Amino acid sequence: MSLPQGFALPLHRSLTEPVLMGGAPRAVAILNGTLAAAIGLGLQLWVAGIVFWIVGHGVAVFAAKRDPKFLEVILRHVRQPRVFQC
């Protein structure tokens, strides 16, 4: 069965894929880079800032490969009330 003329339109991949920077979600990458820069420049701990950035970005990329919207899931989990707590 084919669709009638004019009822199909192309859908670009950019509309369905999450926005990632270097494999990590955009917000996480910006936050990680800002914190790493604050450690490296503000505290003048260059090596610690670079290590923090590498580890943080690696963890974010690992989490994004499993679920690209992991940040939204974590934020929703934190906002939910704890109903069945003993």
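If you're wondering where the values come from, they're calculated on a predicted model, not measured in any experiment.

Colleague: Describe in detail helix H2 (residues 46–66), supporting the description with residues and values.
Modeller: For H2, spanning 21 residues, the distance from its first C-alpha to its last is 31 Å, which sits close to the expected 30 Å at 1.5 Å a residue. Among all positions of H2, only Gly 49, His 57, Ala 60, Val 61 and Ala 64 are buried. Projected onto a plane normal to the axis of H2, the buried residues spread over an arc of 100° and lie on a single side. Those residues of H2 that are exposed and aimed more than 90 degrees away from the buried face are Val 47, Ile 54, Val 59, Phe 62, Lys 65 and Arg 66. In the core, the buried residues of H2 are packed alongside strand E1 (20–21), strand E2 (24–25), helix H1 (26–42) and helix H3 (70–79).

Colleague: Which residues make up the pattern of salt bridges, and what values go with them?
Modeller: Per the stated rule, a full pass over the model turns up one salt bridge. Put simply, Glu 17 and Arg 13 hold a salt bridge, and the shortest N to O gap is 2.8 Å.

Colleague: Give me the side chain of His 57: which residues, what numbers.
Modeller: Relative to the elements of secondary structure, His 57 occurs in helix H2. A distance of 3.1 Å separates the side chain of His 57 from the backbone oxygen of Gly 22, its partner in a polar contact.

Colleague: An account of the packing of H1 against H2 is requested, with residue identities and associated values reported.
Modeller: As a packed pair, H1 and H2 sit with axes 7 Å apart at the nearest point and diverge in direction by 165°. Considering the angle they form, H1 stands roughly antiparallel to H2. In the packing of H1 onto H2, the handedness of the crossing is right-handed. The residues of H2 that touch H1, namely those facing Val 28, Asn 32, Gly 33, Leu 35, Ala 36, Ile 39, Gly 40 and Leu 41, are Trp 46, Ala 48, Gly 49, Phe 52, Trp 53, Gly 56, His 57 and Ala 60. Here the contact of H1 with H2 is composed, by residue class, of ten nonpolar, six polar and no charged.

Colleague: Lay out a nonpolar patch on the surface in plain terms, naming residues and giving numbers.
Modeller: A cluster of nonpolar side chains, Leu 41, Trp 46, Val 47, Val 51, Val 55 and Val 59, forms an exposed patch at the surface whose accessible area comes to about 620 Å². Ranked by the residues each element gives to the nonpolar patch, the list is headed by H2, at five residues. Structurally, the position occupied by Val 51 is in helix H2. When its relative accessible area of 45% is taken as the criterion, Val 51 is described as partly exposed.

Colleague: Describe H1, with residues and values.
Modeller: Over its 17 residues, H1 extends 23 Å from the first C-alpha to the last, a length consistent with the 24 Å expected when each residue adds 1.5 Å. The set of residues buried in H1 consists of Val 28, Ala 29, Asn 32, Ala 36 and Gly 40. End-on, the buried residues of H1 take up no more than an arc of 95°, which puts them together on one face. What points out from H1, more than 90 degrees from its buried face, is the exposed set Leu 31, Leu 41 and Gly 42. Buried residues in H1 make contact with E1, E2, H2 and H3. Of the residues one or two after H1, Gln 44 is the one with positive phi, at around 55°.

How each quantity is defined
- Residues numbered from 1 in each chain as written.
- Predicted model: local features only at pLDDT ≥ 70, side-chain atom pairs only at ≥ 80, totals over all residues.
- Heavy atoms only, no water.
- Helix = DSSP H or I, 4+ residues; strand = E, 2+ residues; numbered from the N terminus.
- Expected span 1.5 Å × (residues − 1).
- Buried < 20%, exposed > 50% of the residue type's maximum accessible area, 1.4 Å probe, protein only.
- Arc of directions from axis to C-beta.
- Contact = heavy atoms within 4.5 Å.
- Salt bridge = Lys/Arg side-chain N within 4 Å of Asp/Glu carboxyl O.
- Polar contact = N/O pair within 3.5 Å; in protein donor to acceptor, adjacent residues only side chain to side chain.
- Axes fitted to C-alpha atoms, helices over the stretch in contact; angles between N-to-C directions.
- Parallel < 35°, antiparallel > 145°, perpendicular 65-115°, else oblique.
- Left-handed = near helix turned anticlockwise from the far one by under 90°.
- Nonpolar A, V, L, I, M, F, W, Y, C, P; charged D, E, K, R; others polar.
- Patch = residues over 30% accessible without salt bridge, like charges linked within 9 Å, V, L, I, M, F, W, Y side chains within 5 Å.
- Areas by Shrake-Rupley, 256 points an atom, 1.4 Å probe, with all protein chains shown as cover.

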